[in-house]
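These are the residues of each chain, in order.
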Amino acid sequence: MKLVIDTDVGIDDAIALLMVLAYPELNLQAITAVAGNVSIDKVLHNIAVVLDVAGAPAIPIYRGCAQTLRRRLPDDAAHIHGEDGLAGLARVATTRPVESGHASLALTDLARQFSGDLTLLTLGPLTNLALAIRLDPTFLSHLHRLVVMGGAVEARGNMTAITEFNIGADPEAAKIVFEACQNLDLAIELISWETTLDYAMTYETWRNLIHSDSPTANFVRALTDFCEVRLAPLGYTRLFWPDPLTAAVALEPEIVQREELRFVEVEASLGPARGQTMVDYRPDGVPYSNTRIIRQVDEKRFHQLLRLAINQS
Ligand code: BDR
Ligand code: CA
């Protein structure tokens, strides 16, 4: 499988990257950075740090959008992920280079180069993708699969009461992407915040998964100890893994046990519903669709993939 990851690393993005890097026989073509959880400079650095922790070979890293389509900077999520986006663990040097081209151009080039064969996994706001669509309107038609972490499909949000972060951080971008898929034979494979909640785990389950003493396990243990300290006062008593769950679907489509094909529209007006993903659930609703809402996955296999990611040496 040929894969590209667009990400705003982030604690759970980091674990998703480790999962992909540990996966056998994978062809990771590039990682593109987008501002989201933290600023673009921090995201670029964090990607390199995670590659170093995993002992990964050289993988092209591209700088993407530092700003959302409409506003100067996205609302970040540093209060969850730490000021550096990686629980303070990113304060280390790395020598990995950043490629000279823009992430959106790299995305359009790679999609054409591997037309019909490329899976694009997105773990952050959809700004780079929206720009790629505007640069090359055929961009999405070249993809084999588009797997997206984002959206609150039953209006149970995490950024606002009804809005999920990756969509709410740049609603205009998300709107462009969902609208573009409407006219294509490419349904977005969507892992929503609600599906993420269904696969939340206790800290006890998590600690059993990360039993090893490998550098990756030690890194991940420090990330999640930090999560516990940050999330408990907010009332979150379990761990959520939106990006790793989405990576698992990208790596193994057969992990999906139940999904629904629906039409999803993004609200981008400036009112209280800004960033909402509105799903048409009517049996006699619109006669087209753009999204496969992933409802259920093989949880045992998801945990195996997490274990594989973390316990590598
Ligand atoms: C998404 O928002 C980010 O903070 C996480 O990395 C994940 O991609 C969850 O809403
Ligand atoms: Ca993310």
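This text goes with the structure placed above it.
Conventions used here
- Residues numbered from 1 in each chain as written.
- Chains lettered and ligands numbered in written order.
- Predicted model: local features only at pLDDT ≥ 70, side-chain atom pairs only at ≥ 80, totals over all residues.
- Heavy atoms only, no water.
- Donors = N, O, S within 2.8 Å, 3.2 Å for Na, K, Ca; no water.
- Helix = DSSP H or I, 4+ residues; strand = E, 2+ residues; numbered from the N terminus.
- Buried < 20%, exposed > 50% of the residue type's maximum accessible area, 1.4 Å probe, protein only.
- Pairing = 2+ DSSP bridges.
- Axes fitted to C-alpha atoms, helices over the stretch in contact; angles between N-to-C directions.
- Contact = heavy atoms within 4.5 Å.
- Core = buried A, V, L, I, M, F, W, Y, C linked by side-chain atoms within 4.5 Å.
- Near = heavy atom within 4 Å.
- Polar contact = N/O pair within 3.5 Å; in protein donor to acceptor, adjacent residues only side chain to side chain.
- Areas by Shrake-Rupley, 256 points an atom, 1.4 Å probe, with all protein chains shown as cover.
- Nonpolar A, V, L, I, M, F, W, Y, C, P; charged D, E, K, R; others polar.

1. Things to note about the coordination of the calcium ion (ligand 2)
Turning to step 1, where the next piece is worked out: Donor atoms from the polypeptide that coordinate the calcium ion (ligand 2) comprise Asp8 (OD), Asp13 (OD), Asp13 (OD), Leu123 (O) and Asp243 (OD), at 2.2 to 2.6 Å from the metal.
Turning to step 2, where the next piece is worked out: In the primary structure, the donors to the calcium ion (ligand 2) are separated according to the pattern D-x4-D-x109-L-x119-D. Of this pair, Leu123 sits in the loop between strand E4 (118-122) and helix H5 (127-135) while Asp243 is found in helix H11 (residues 242-251), placing the two residues 120 residues apart along the sequence. In this pair, the class of Leu123 matches that of Asp243, namely buried.

2. Details of unusual backbone geometry
Turning to step 1, where the next piece is worked out: The omega torsion of the bond from Val9 to Gly10 falls at -15 degrees, within 30 degrees of zero and hence cis.
Turning to step 2, where the next piece is worked out: Tracing the backbone through its elements, the reader meets Gly10 in the loop between strand E1 (2-7) and helix H1 (11-22).
Turning to step 3, where the next piece is worked out: At Ala87, a residue that is not glycine, the phi angle is positive and equals roughly 60 degrees.
Turning to step 4, where the next piece is worked out: Relative to the helices and strands, Ala87 is located in the loop between helix H3 (78-81) and helix H4 (103-113).
Turning to step 5, where the next piece is worked out: Taking the relative accessible area as the measure of exposure, Ala87 reaches 16% and is therefore buried.
Turning to step 6, where the next piece is worked out: Notably, Ala155 is not glycine yet its phi reads approximately 65 degrees, a positive angle.
Turning to step 7, where the next piece is worked out: Judged by relative accessible area, Ala155 falls into the partly exposed class, the value being 28%.

3. Concerning the sheet that holds strand E7 (residues 256-266)
Turning to step 1, where the next piece is worked out: A sheet is described by the order of its strands in space; here nine strands give the open sequence E3-E2-E1-E4-E5-E6-E9-E7-E8, paired in mixed fashion. In this open sheet, the two strands that pair with only one neighbour each are strand E3 (61-63) and strand E8 (277-280). Averaged over all pairs of adjacent strands, the angle between their axes in this sheet comes to 30 degrees, without regard to strand direction.
Turning to step 2, where the next piece is worked out: Relative to E1, H1 is tilted by about 170 degrees, and along the sheet it contacts E1, strand E2 (27-33) and E4.

4. A few points about the nonpolar core
Turning to step 1, where the next piece is worked out: In this structure, Met19, Leu86, Leu121, Trp206, Trp241, Phe302 and Leu306 are the most contacted members of the largest nonpolar core, which totals 68 residues.
Turning to step 2, where the next piece is worked out: Here the element with the most residues in this core is helix H2 (residues 40-54); it accounts for nine residues.
Turning to step 3, where the next piece is worked out: Not counting chain neighbours up to four residues away, the residues in contact with Leu121 comprise Leu3, Val4, Ile5, Asp6, Val20, Val147, Thr246, Ala247 and Ala250.
Turning to step 4, where the next piece is worked out: One finds Leu140, Ile176, Cys181 and Ile293 within the second-largest nonpolar core, a separate group that totals 36 residues.

5. Remarks on the site of ligand 1
Turning to step 1, where the next piece is worked out: Around ligand 1, the structure places Asp12, Asp13, Asn37, His81, Leu123, Met149, Asn158, Glu164, Phe165, Asn166, Pro242 and Asp243.
Turning to step 2, where the next piece is worked out: The side chain of Asn166 places a nitrogen or oxygen atom 3.0 Å from an oxygen atom of ligand 1.
Turning to step 3, where the next piece is worked out: The contact in question runs from an oxygen atom of ligand 1 to an N or O atom on the side chain of Asp243, over 2.7 Å.
Turning to step 4, where the next piece is worked out: Calculation on ligand 1 without its partners gives an accessible area of 280 Å², and the protein chains cover 94% of this total.
Turning to step 5, where the next piece is worked out: Elements supplying a minimum of two residues to the shell around ligand 1: H1, helix H6 (165-168) and H11.
Turning to step 6, where the next piece is worked out: When grouped by side-chain class, the residues that make up the shell around ligand 1 number four nonpolar, four polar and four charged.

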